[in-house]
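Structure at a glance
Letter by letter, the chains look like this.
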Amino acid sequence: MIISQKYHSSAEIDPEFIESLELLLREQVPSFEWIKLKEKSAPDNTHFSYFLFFGEACNSPIGFGQLSIINRESESSFFGLFKKSQKEKEIHWKGPSSTGEGLVFSPIYIKEGAIKAKSILAEYSEREEVVGQDILLSEELCPALSDYEEISTSFLVDTLVKNRRSYEEYMDSLSESSARKVQQLWKEVYKNTDYRIGEYPSFKECFEYKKNGHKQYKELKKDPVISDCIKVADFFLTFEGADEIFAFVFMFHGKQGQLFFKTHPLSEVKEQILIQAAIMRFYEEESSDKLRFLEPHELSKELQELGFTHKKLVKLRVKNDQI
């Protein structure tokens, strides 16, 4: 039997569960702090609820669910005489993770967990103020929720598994055409005398000894797109010149050999070369054996050719009459 516990904020979750949650979500986020930061930076009209799932004889979470609740107000008129304000809620089961899944279970609890989650979805559907509810999840969870309407299917990048001893051996393992494309990317970097690649342990240090560094630092540390990354990244790769930085690759250590990254160009730097910088640095990390995008990234033929695996995600709509 699966039981669940609900929280209205990530800060309410018992500290004793955090380590177990980080292991459960090791393929999703580098740490639970990332989930907390994304909650804090959400729009004012968006609130969150979290569910921890437990097995009958298990004191550690075997499942995790996150939903965002978007509050809206609508007005209805009666015979044109007066208007009544109504509060409505949209519910989206989705997380700020590598794939965006709103529901994650330990593999041995997938079937039972999905059945328990279905009862929670039904409870929300009964509420008059809920005008829409959808959930993003892996295909493994779909059979228990097969009576819900499928809205969309997507294939997202999952991971790059370290199966070579070095970046050079990794390059040798690529097809001839893929290797040629990567070599051309590096040639473009090296022939541009304004570029060099840097690595720094802190965000502030990235800007030291650069002509426009102080100005860039003051502006970028306030940028909402990267402010959360600054707080939790373990180190920073830069594409830079003597005067300023042109692009970042934020790197995050996760649990059990996971390494996450997020690219952030500031000028016309190709994302492909930023990804290669992350891969090259990945092969220097002795303790890391899987490389993941921190946020959802659409699968492409090019990324498949570079060795990234993929994951199928399904988005389902829960209608109010599906109780």
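Scroll up for the structure.
The notes below deal with the structure included here. (Residues numbered from 1 in each chain as written. Predicted model: local features only at pLDDT ≥ 70, side-chain atom pairs only at ≥ 80, totals over all residues. Heavy atoms only, no water.)

**Description of unusual backbone geometry**
Its identity is not glycine, yet Tyr 209 carries a phi of approximately 65 degrees, on the positive side. Here Tyr 209 lies in the loop between strand E9 (196-200) and helix H6 (213-220). Backbone geometry at Gln 256 places phi at a positive 50 degrees, although glycine is not the residue there. Relative to the assigned elements, Gln 256 resides in the loop between strand E11 (245-253) and strand E12 (258-265). With a relative accessible area of 54%, Gln 256 lands in the exposed category. (Helix = DSSP H or I, 4+ residues; strand = E, 2+ residues; numbered from the N terminus. Buried < 20%, exposed > 50% of the residue type's maximum accessible area, 1.4 Å probe, protein only.)

**Observations regarding the pattern of salt bridges**
Scanning all chains against the criterion turns up 20 salt bridges. Measuring nitrogen to oxygen at the nearest pair gives 3.6 Å for the salt bridge that ties Glu 27 to Arg 292. Within this pair, whereas Glu 27 is found in the loop between helix H1 (15-24) and helix H2 (32-40), its partner Arg 292 is found in strand E13 (residues 290-293), the two being separated by 265 residues in sequence. A salt bridge links Glu 295 to Lys 38, with the nearest nitrogen and oxygen atoms 4.0 Å apart. One end of the pair, Glu 295, is in the loop between E13 and helix H9 (301-305); the other, Lys 38, is in helix H2, and 257 residues separate them in sequence. With relative accessibility at 27%, the residue Glu 295 sits in the partly exposed group. Residue Lys 38 is classed as partly exposed on the basis of its relative accessible area of 21%. (Salt bridge = Lys/Arg side-chain N within 4 Å of Asp/Glu carboxyl O.)

**A closer look at the packing of aromatic side chains**
Applying the stated criterion across every chain, the model contains 24 aromatic pairs. A centroid spacing of 5.6 Å and a plane angle of 40 degrees characterise the contact between Phe 293 and Phe 308, whose relative ring orientation is tilted. Highlighted residues: Phe 293 in strand E13 and Phe 308 in the loop between H9 and strand E14 (310-317), separated in sequence by 15 residues. For Phe 293, a relative accessible area of 6% corresponds to the buried category. Judged by relative accessible area, which is 4%, Phe 308 ranks as buried. An aromatic cluster of at least three residues, connected via ring pairs, comprises Phe 203, Phe 207, Tyr 217, Phe 236, Phe 248 and Phe 250. The residue whose ring lies beneath Lys 118 is Tyr 148, and the NZ or CZ to ring-centre distance is 5.8 Å. One cation-aromatic arrangement involves Lys 162 over Phe 282; the distance from NZ or CZ to the ring centre is 4.7 Å. (Phe/Tyr/Trp six-rings, centres within 6.5 Å; stacked < 30°, edge-to-face > 60°. Lys NZ or Arg CZ within 6 Å of the ring centre and 35° of its normal.)

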